[in-house]
Amino acid sequence: MLYDCHMHTRFSGDSDAPVHQMLQSAKEKNLAGLCFTDHLDLDYPGEERDLFLLDLDSYIPYMKELKEGATDDFFIGLGIELGLQPHLASQLHAIVKEYPFDYVIGSSHVAHHIDPYYPEYYEGRSEREAYEEYFEATLENIEAFDNFDAYGHIDYVVRYGPDKDTHFSYKAYADHLDAILKKLIAMGKGIEINTGGYRSGLSHPNPREDILKRYRELGGEILTLGADAHTPQDVAYRFDRLPDLLKSLGYSYFTVFKNRKPVFYSL
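All figures in this text were calculated on a predicted structure; none of them were measured in a lab. Starting from 1, residues in each chain are numbered consecutively following that chain's sequence as written. Local features are withheld for residues below a pLDDT of 70 in this predicted model, meaning they are given only at 70 or higher, and side-chain atom pairs are given and counted only at 80 or more; totals for whole chains, interfaces and linings count all residues. Heavy atoms from the whole structure form the basis of all side-chain values; hydrogens and water molecules are not counted.

A. Examining the overall build of the protein chain more closely. Going along the chain from the N terminus, every DSSP run of H or I of four or more residues is numbered as a helix, and every run of E of two or more is numbered as a strand. What the protein chain contains, in helices and strands, is 8 helices and 9 strands. The C-alpha radius of gyration of the protein chain comes to 17 Å, within 12% of the 18 Å expected for a compact globule of 267 residues. Projected onto its principal axes, the C-alpha positions of the protein chain cover 50 × 45 × 35 Å. Each accessible area value is a Shrake-Rupley result obtained with a 1.4 Å probe; residue values ignore everything except the protein chains displayed when judging cover. Accessible surface, the protein chain as shown: approximately 11200 Å² in total, 47% of it carbon and sulfur. Averaging the positions of the 26 positive and the 45 negative side-chain charges in the protein chain gives two centres separated by 7 Å. We compute the radius of gyration from the C-alpha atoms alone; for a globule the expected value is 2.2 Å times N to the 0.38, where N is the number of residues. His is not counted, nor are the chain ends, whereas Lys and Arg count as positive and Asp and Glu as negative. We put the charge of a Lys on NZ, of an Arg on CZ, of an Asp on CG and of a Glu on CD.

B. Looking closely at unusual backbone geometry. Omega for the bond connecting Asn206 with Pro207 falls within 30 degrees of zero, at -10 degrees, which places this linkage in the cis form. Phi at His112 takes a positive value of approximately 50 degrees, unusual for a residue other than glycine. Residue position: His112 is located in the loop between β4 (103-107) and α4 (127-144).

C. Region of interest: the side chain of Gln85. Turning to its location among the elements, Gln85 is positioned in the loop between β3 (75-83) and α3 (89-98). Residue classification places Gln85 among the buried residues on the basis of a relative accessible area of 8%. Polar side-chain contacts of Gln85 include one of 3.4 Å to the backbone oxygen of Leu42. Contacts are residue-level and defined by heavy atoms, with any inter-residue pair within 4.5 Å sufficient. When near neighbours in sequence (up to four residues on either side) are disregarded, Gln85 contacts Leu42, Asp43, Val110, His113 and Asn141. When a residue's accessible area, from a 1.4 Å probe over protein chains only, is under 20% of the maximum for its type it is buried; when over 50% it is exposed; and in between it is partly exposed. Side-chain atoms alone can form a polar contact between residues adjacent in sequence; in general such a contact is a pair of N or O atoms within 3.5 Å, and within protein one must be able to donate a hydrogen while the other accepts it.

D. Structural view of the pattern of salt bridges. Should a side-chain nitrogen of Lys or Arg be within 4 Å of a carboxyl oxygen of Asp or Glu, the pair is scored as a salt bridge. Going through the model one piece at a time under the given rule, you end up with 10 salt bridges. One salt bridge in this structure joins Lys67 and Asp102, with 2.9 Å as the shortest N-O distance. Of this pair, Lys67 sits in helix α2 (residues 56-68) while Asp102 sits in the loop between α3 and β4; the two residues are 35 residues apart in sequence, bridging distant segments of the chain. Accessibility expressed as a relative area gives 6% for Asp102, which makes it buried. Here Asp228 and Arg159 are joined by a salt bridge, their closest N and O atoms 3.3 Å apart. With Asp228 in the loop between β7 (223-226) and α8 (242-248) and Arg159 in the loop between β5 (150-151) and α5 (174-186), this pair connects stretches of sequence that are 69 residues apart.

E. Just α3, in detail. Residues of α3 that are buried include every one of Ala89, Leu92, Ile95 and Val96, and no others. Along the axis of α3, the buried residues cluster in a sector spanning 130 degrees; they form a single face. Exposed side chains of α3 directed beyond 90 degrees from the buried face belong to Ser90, Lys97 and Glu98. Close packing links the buried residues of α3 with β2 (33-40), α2, β3, β4 and α4. The arc in question is traced by the directions running from the helix axis to the C-beta atoms.

Here is the structure:
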C-alpha cells in the first residue's frame, strides 16, 4: 500500500489534469493515499516567467475542502513543490509559514537563472560542466533555504542533458552529490525517489539507484515516493517495482509527510 507524494494538476502551469481524475487514478491503482504538490516557481526566467505562479488563493481552499472530505482509509495531502533559488528564500519561507501544508518539496528547476530543461543551458560547454553547475546551484539552494521536507529529483538535470544519464553516475559526480546528501542529512531533510525519470527516457529513477544507496549509507532515513505525474495515467508510474528496488538498496520503509511530520511505512 504505497503513497504517491509528487503530482501536478491543473493548478500547475504545465498540467491540465483535473484534480478528481488524479484522485480517482490513485484509488484505482490501490494506493493508500496521495499528496498534491503543484508547482510554485517564483522569478522563473525567460518568457514563461509566469508559468509556475501557483494561485494559492484558489489552490489552498480547494485542496483543504478536498482533504476534509477524505475518508479514513485514503489519505489526501496538501503539498507544494517549490522551485528554489537563493534570493527567494525569505519570500518562500513566508509562504510556507502561512499555509497548512502537509508536505513541502524543495526542488532545483533553475540553475543560475536558466532551467536545464532548455537546450541553451548546455550550449558552449561540456555536459559535465553543465551538470556540475546544476549540483553547485542545488547546494546553494539548500544552504539558503531550509523550510522544506524533502528534496525533489536531485539529478533532475540528467533528464535533459545531451546524453541524458549515459555518462552519469554517483561515482562520476561523487564530490558534488556527497556535499548535497550530507547537507540534507545534517538538516534532517529527506529525498524522494521520483519515477518520472523513466518517463523522460532514462533507464533509472531520479535520483538513480547508486545515489539512493549512498544516501542510505550516509545515514539518510527519510525517503518519499513520487511519480511526478502531470496526467492521471501517470499517477504511481512504475510503482510496482519500488518495494523490491528499495529493499535491494538497503531501505525497509518509506516516508509520508502529514502536517509536516514524517510518518514511516514498511515496504
